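Descriptive analysis of the structure
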Amino acid sequence: MSTAVNETLIRDVVAEVLGRIGGATTTATQSAPASAAPKSDSCGCSAKKATSAPALRGKFGVFATAEEACAAAQEAFVQLQQKGVAARRKIEEIVKAMAEKNAEPWGKIEFEETKIGRLDHKIAKLGLIKLVPGVDWLRPDARSGDHGITLEEYTPFGVVGAITPSTHSIPTLSGNIVNIVAAGNAVVFNAHPSAAKCAAVAVRAYNEAIFRETGIENIACIIEKPTLDSFNALCKNENTRLLLVTGGPMVVKAAMQTGKRAICAGPGNPPVFVDDTCCPTRAAKAIISGAAFDNNLLCIGEKQVFVLDSVADRLMQRMSENGAVKLNPAQLASLTKAAFTIKEGQGGGCAQAHTNKDFIGKDTSVLAQAAGINLPADTQLLFGETDANHPFVKEEQMMPMIPIVRVKSVEEGIALSLQSEHGYKHTAIIHSHDVENITAMARALDTTLFVKNGPSPAGLGLGGEGYLSFSIATPTGEGITNPRTFTRVRRCVMVDNLRIY
Ligand code: NAD
């Protein structure tokens, strides 16, 4: 090869590699360059594409069928590829800013539609979308050696099919859009039927703003009236390359049976273990703030407490002093009767409790009435002493009522915590200053999130270090989802050249 050829080749490759690195590492504070604007005035390719499917125009992401939504999302994915990292960054900025700006009206419409949780916390959750990672999360990995340089890049799949829960519809879809689009994908949502109207309002508003700024109309689509059939159609659609499921055991099972790769953010039943080395006041306050948040709808929320006998009375005293109300055995029995249907086991099986949906995510005052007492509306949390086999311990009850179980030893506390978590490997919490107890519980529970001496939301960067996502992939192992979760790793190898020393 002549020197001239070598120089040309090197110049081209350097330009390409620098372009890639530059594109992936621009800072979040830069505003979108002109390339994020619609390209209809350049070669006309995108203009042609934009008019190629008139049925998909003017819907701003809200479609009647999975087929239309997937076709529109596929088209938007191609547009996003053309418009580059600047457009992804713009979309991230738009979604984060709009979630915060609309937190109050969107929190209200979600609360009015679902009638679960707490309005103040629905609003607070939308204000947190800015803590979801974005485009800057994706940094290529590079190798450099005697044989040249190699770049591994995190590249998009295409269209992601996403299923969202009733417990946080707009927050989950907003965080999902940030993560999925930051990675260069488009997304189609099948929301929970009881939280689908508010989801469609947010999706339409996001797309209108994104279209204005980038010319991409349907980067996040939604099926307006979601059903099990639309779930199946979304999963089957050839454009759907990957699934993200956020929900309980049934939808996780259904997604895993589709044959598509599924990232599953499944159910939890987080136990708390409290030993006698902890600060009981700090533990009490942390348990109240975690379990009371949005009336305990969060999958990470404290659902049952195991406490060493020697510190149990002090812990409960501190809980009473800090805004929680203790139910006596008769009151707890009345509430349990109302909140669960107990079906006797068949053929010698154990009795099985089913949570009464009328109590999920309801205020403490509603639960208190079922317990036979009247409480002020601002009561944060109820608690009561139970044994380890109580339905409030075994079920993921999602109510602002936490059962407290006395244990005689650290070993018993850890063993019962493990049993109550049901192997979901989701979240566990400990209040202890004994590193051996902390380590033993971390190893035994083997959960995705393990929080020490704080409330559960600290595990999502809220009062602890870290970043936020409302989709925590547990059975499939991806952990707290982030842009990298939604990428394919691709390697690009330059042989013998471009190592600069
Ligand atoms: P859910 O399982 O009833 O519904 C979740 C979604 O799945 C909804 O969109 C629903 O329509 C759909 N769905 C349910 N069964 C289905 C099936 N058989 N086929 C297809 N789709 C189906 O859950 P929910 O009450 O809305 O949310 C609460 C549950 O979600 C809890 O178990 C909670 O722990 C879990 N969750 C987990 C995370 C996480 O990040 N791991 C986050 C939020 C909620």
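Above this text is the structure in question.
What counts, and at which threshold
Residues numbered from 1 in each chain as written. Predicted model: local features only at pLDDT ≥ 70, side-chain atom pairs only at ≥ 80, totals over all residues. Heavy atoms only, no water. Helix = DSSP H or I, 4+ residues; strand = E, 2+ residues; numbered from the N terminus. Buried < 20%, exposed > 50% of the residue type's maximum accessible area, 1.4 Å probe, protein only. Areas by Shrake-Rupley, 256 points an atom, 1.4 Å probe, with all protein chains shown as cover. Pairing = 2+ DSSP bridges. Axes fitted to C-alpha atoms, helices over the stretch in contact; angles between N-to-C directions. Arc of directions from axis to C-beta. Contact = heavy atoms within 4.5 Å. Right-handed = clockwise from strand over helix to strand, strands pointing away. Core = buried A, V, L, I, M, F, W, Y, C linked by side-chain atoms within 4.5 Å. Left-handed = near helix turned anticlockwise from the far one by under 90°. Nonpolar A, V, L, I, M, F, W, Y, C, P; charged D, E, K, R; others polar. Near = heavy atom within 4 Å. Polar contact = N/O pair within 3.5 Å; in protein donor to acceptor, adjacent residues only side chain to side chain. Salt bridge = Lys/Arg side-chain N within 4 Å of Asp/Glu carboxyl O.

Remarks on the overall build of the protein
When you go through the protein residue by residue, the secondary structure sums to 16 helices and 20 strands. Each of the 501 residues in the protein was classed as buried or not, and the buried ones make up 54%. When the accessible area of the protein is evaluated, it comes to approximately 21600 Å², of which 54% is carbon and sulfur surface.

Focus on the sheet that holds strand S3 (residues 148-156)
Consider a sheet: its strands pair through backbone hydrogen bonds, and that pairing is either parallel or antiparallel. If you trace the three strands from one edge of the open sheet to the other, you get S2-S3-S20, paired in antiparallel fashion. Only two strands of the sheet have a single partner each, and these edge strands are strand S2 (141-145) and strand S20 (487-495). Neighbour to neighbour, the strand axes of the sheet diverge by 15° on average, direction disregarded.

Some thoughts on helix H9 (residues 249-256)
For H9, the set of buried residues is Val251, Val252 and Ala255. For H9, the angular spread of buried residues about the axis comes to 105°, placing them on one side. Those residues of H9 that are exposed and angled more than 90 degrees off the buried face are Met250 and Lys253. On the buried face of H9, the contacting elements are strand S4 (159-163), helix H8 (228-236), strand S7 (240-246) and strand S8 (262-265).

Some remarks on the pairing of strand S9 (residues 271-274)
The side-chain alternation of S9 yields two buried faces, one formed by Pro271 and Phe273 and the other by Val272 and Val274. Pairing of S9 with strand S10 (residues 304-308), which is carried by four bridges, proceeds in the parallel orientation. Its bridge partner being in S10, Pro271 is matched across the sheet by Gln304. For the crossover from S9 across helix H10 (residues 280-292) to S10, the handedness is right-handed.

Let's talk about the nonpolar core
Counting 85 residues, the largest nonpolar core has Trp106, Ile177, Val188, Phe189, Tyr206, Ile219 and Ile222 as the members making the most contacts within it. With 14 residues, helix H3 (residues 66-101) is the largest single contributor of residues to this core. Excluding its chain neighbours within four sequence positions, the residues that come into contact with Ile177 are Val95, Ala182, Val187, Phe189, Tyr206 and Ala220. Counting residues in hydrophobic clusters, the runner-up holds 39 residues, among them Val274, Val307, Ala312 and Leu445.

Observations regarding the packing of H3 against H8
The geometry of a pair of packed helices is captured by two quantities: the angle between their axes and the separation between those axes. Axis separation between H3 and H8 bottoms out at 9 Å; the angle between their running directions is 35°. In the crossing of H3 with H8, the sense of the turn from one axis to the other is right-handed. In contact with Ala66, Glu67 and Cys70 of H3, H8 contributes Ser230, Ala233 and Leu234. In the contact of H3 with H8, the residues fall into four nonpolar, one polar and one charged.

Some details on the site of the ligand
Residues in close proximity to the ligand total 28 residues, the closest being Thr164, Ser166, Gly248, Glu396 and Ile472. Between an oxygen atom of the ligand and a main-chain N or O atom of Gly247, the distance comes to 3.4 Å. Glu396 is positioned with one of its side-chain polar atoms (N or O) 2.5 Å from an oxygen atom of the ligand. Mapped by element, the contributors of at least two residues to the shell around the ligand are H8 and H9. Looking at the shell around the ligand element by element, the count peaks at three residues for H9. For the shell around the ligand, the per-class residue count stands at 14 nonpolar, 13 polar and one charged.

Side note on the pattern of salt bridges
If you walk through the whole model with that rule in mind, you get 18 salt bridges. A salt bridge links Lys108 to Glu104; the nearest nitrogen and oxygen atoms lie 3.8 Å apart. Of the two residues, Lys108 and Glu104 both sit in helix H4 (residues 103-114), four residues apart, roughly one turn of that helix. Given a relative accessible area of 36%, Lys108 falls into the partly exposed group. Linking Arg491 and Glu152 is a salt bridge whose minimum nitrogen-to-oxygen distance equals 2.8 Å. Separated by 339 residues along the polypeptide, Arg491 in strand S20 and Glu152 in strand S3 bring together distant segments of the chain. Among the charged side chains, a salt-bridge network with shared partners connects Asp309, Asp313, Lys326, Glu385 and Arg406.

Let's talk about the sheet that holds strand S15 (residues 401-407)
Here seven strands make up an open sheet; going across it, the order is S11-S14-S15-S10-S9-S16-S17 and the pairing parallel. Both edges of this open sheet fall to strand S11 (324-326) and strand S17 (449-452), since each of them pairs with a single strand only. Strand-to-strand twist in this sheet, taken as the mean axis angle between neighbours without regard to direction, amounts to 25°. Where S9 meets strand S16 (residues 427-431), three bridges bridge the pair, whose relative direction is parallel. Following the sheet pairing, Val272 is matched in S16 by Ile429.

Quick notes on the pairing of S4
Moving residue by residue along a regular strand, the side chains alternate between the two faces of the sheet. A large share of S4 lies buried, amounting to five of its five residues. Burial of S4 is two-sided: the residues Val159, Gly161 and Ile163 facing one way and the residues Val160 and Ala162 facing the other way are all buried. Where S4 lies against strand S5 (residues 186-190), five bridges are found, and the strand directions are parallel. Note that in S5 the partner of Ile163 across the bridge is Asn190.

Considerations on the side chain of Asn269
Among the secondary structure elements, Asn269 is positioned in the loop between S8 and S9. From its side chain, Asn269 meets the backbone oxygen of Val393 in a polar contact 3.0 Å long. Within polar-contact distance, the side chain of Asn269 engages the backbone oxygen of Lys394 at 3.4 Å. Leaving out residues up to four positions away in the same chain, Asn269 has contacts with Lys303, Gln304, Val393, Lys394, Glu395, Glu396, Gln397, Ser420, Glu421, His422 and Tyr424.

A closer look at the environment of Ser166
Looking at the secondary structure, you find Ser166 in the loop between S4 and helix H6 (169-182). Filtering out sequence-adjacent residues up to four positions away, Ser166 remains in contact with Glu110, Thr114, Ile116, His192, Ser194 and Ala195.

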